[in-house]
Protein chains: 2
Amino acid sequence: MLKDPNIVYIGRKPVMSYVLAVITSFNSPDTKDVTVKARGRSMTTAVDVAEVVKRRFMKDLKASKITIGTEELQQEEGGTRNVSTMEIMLTRD
Amino acid sequence: MLKDPNIVYIGRKPVMSYVLAVITSFNSPDTKDVTVKARGRSMTTAVDVAEVVKRRFMKDLKASKITIGTEELQQEEGGTRNVSTMEIMLTRD
């Protein structure tokens, strides 16, 4: 499967590395939106990334769609654990 | 100022205390929506609260509106620091 260039998965790196990834994705002129995806604690970083991109770098962006959900994670020791997820779609105005 | 019974502010308590607060707010029959508000790290808890209420306790709820933003906090040592904020509105279907 090809990696979708319009999705940025948020993990445990500093906010600015994901900010750069989002800005890079928007560099292609036919990119109208980029979605930032995170789960668990990284959701805080996802919101920070969206806010920093919008306020400091690309003031014409809007958080056009924000969704939350729950994913079941398989645990190594057996059983499942629920983890919350978040997606923030950033759209060029 | 009166405390708005339809807003639940998320802090550092366990998820279940806020879940209970949301369910209690919905107990009044004229309450159609409850908004969960958080900033910084507590945003993760806010998403968890919304998801647990929706999935485990009140399956007719929808996260009807999710907004993110930035607040400037005054620091004790002078200067300001930006903190991300999130609001999740839960609405009875």
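Note that the structure is a prediction, hence the values are computed from the model and not measured. (Residues numbered from 1 in each chain as written. Chains lettered and ligands numbered in written order. Predicted model: local features only at pLDDT ≥ 70, side-chain atom pairs only at ≥ 80, totals over all residues. Heavy atoms only, no water.)

For the rest of this paragraph, the subject is the sheet that holds strand β4 (residues 80-92) of chain A. Residue and element names in this part refer to chain A. Pairing in this open sheet of four strands is mixed, and the strands run β1-β2-β4-β3 from one edge to the other. Single-partner strands in this sheet number two, and they are β1 (7-9) and β3 (61-74). On average, adjacent strands in this sheet sit at an angle of 20° to one another, irrespective of strand direction. Note: strand β2 (residues 33-39) against β4, seven bridges, orientation antiparallel. Bridging across to β4, Val-34 finds its partner in Leu-90. (Pairing = 2+ DSSP bridges. Helix = DSSP H or I, 4+ residues; strand = E, 2+ residues; numbered from the N terminus. Axes fitted to C-alpha atoms, helices over the stretch in contact; angles between N-to-C directions.)

A cluster of basic residues, A:Arg12, A:Arg41, B:Arg12 and B:Arg41, forms a positive patch at the surface. Within the secondary structure, A:Arg12 sits in the loop between β1 and α1 (15-27). Residue class for A:Arg12 comes out exposed when judged on its relative accessible area of 75%. (Patch = residues over 30% accessible without salt bridge, like charges linked within 9 Å, V, L, I, M, F, W, Y side chains within 5 Å. Areas by Shrake-Rupley, 256 points an atom, 1.4 Å probe, with all protein chains shown as cover. Salt bridge = Lys/Arg side-chain N within 4 Å of Asp/Glu carboxyl O. Lys, Arg positive; Asp, Glu negative; His and termini not counted. Charge placed at Lys NZ, Arg CZ, Asp CG, Glu CD. Buried < 20%, exposed > 50% of the residue type's maximum accessible area, 1.4 Å probe, protein only.)

Take the packing of α1(A) against helix α2 (residues 42-57) of chain A next. Residues and elements named next belong to chain A. Relative to each other, α1 and α2 sit at 60°, their axes nearing to 9 Å. Of the possible angle classes, the one that applies to α1 and α2 is oblique. The two elements α1 and α2 meet at a crossing, and its hand is right-handed. Contact residues: α1 offers Val-15, Met-16, Tyr-18, Val-19, Val-22 and Ile-23, while α2 offers Thr-45, Asp-48, Val-49, Val-52, Val-53, Arg-56 and Phe-57. Along the lines of polarity and charge, the residues of the contact of α1 with α2 split into 10 nonpolar, one polar and two charged. (Parallel < 35°, antiparallel > 145°, perpendicular 65-115°, else oblique. Left-handed = near helix turned anticlockwise from the far one by under 90°. Contact = heavy atoms within 4.5 Å. Nonpolar A, V, L, I, M, F, W, Y, C, P; charged D, E, K, R; others polar.)

Within the secondary structure, B:Ser84 is located in strand β4 (residues 80-92). By relative accessible area, which is 7% here, B:Ser84 ends up buried. Aside from chain neighbours lying at most four places away, what touches B:Ser84 is A:Val47, A:Asp48, A:Glu51, B:Ala38, B:Arg39, B:Gly40, B:Met43, B:Gly69 and B:Thr70.

Note on the identical chains: chain A maps onto chain B by a rotation of 180° and an axial translation of 0.0 Å, with an RMSD of 0.0 Å. This pairing of chains is accounted for by a two-fold axis. When the interface residues of chain A are mapped onto chain B, 100% of them again fall at the interface, so both copies present the same face. (Least-squares fit on C-alpha atoms with pLDDT ≥ 70 in both.)

Right, let's get into the pattern of salt bridges. The tally for this structure, following the rule as stated, stands at seven salt bridges over all chains. When the shortest N-O distance is used, the salt bridge between A:Asp93 and A:Lys62 registers 3.6 Å. Taken as a pair, A:Asp93 in the segment after β4 and A:Lys62 in strand β3 lie far apart in primary sequence, 31 residues in all. Owing to a relative accessible area of 70%, A:Asp93 belongs among the exposed residues under this scheme. By relative accessible area, which is 44% here, A:Lys62 ends up partly exposed. Across the salt bridge formed by B:Arg39 and B:Glu71, the nearest N and O atoms sit 2.4 Å from each other. Here B:Glu71 lies in strand β3 (residues 61-74) and B:Arg39 lies in strand β2 (residues 33-39), a separation of 32 residues in the sequence. Its relative accessible area of 35% is what places B:Glu71 among the partly exposed residues.

All names here are of chain A. Bridge analysis of β1 against β2 gives three bridges, and the strand direction is parallel. Bridged to Ile-7 within β2 is Thr-35. Between the parallel pair β1 and β2, the chain is carried across by α1, and the sense of this crossover is right-handed. (Right-handed = clockwise from strand over helix to strand, strands pointing away.)

Without other data, these values stay purely geometric and don't point to any function.
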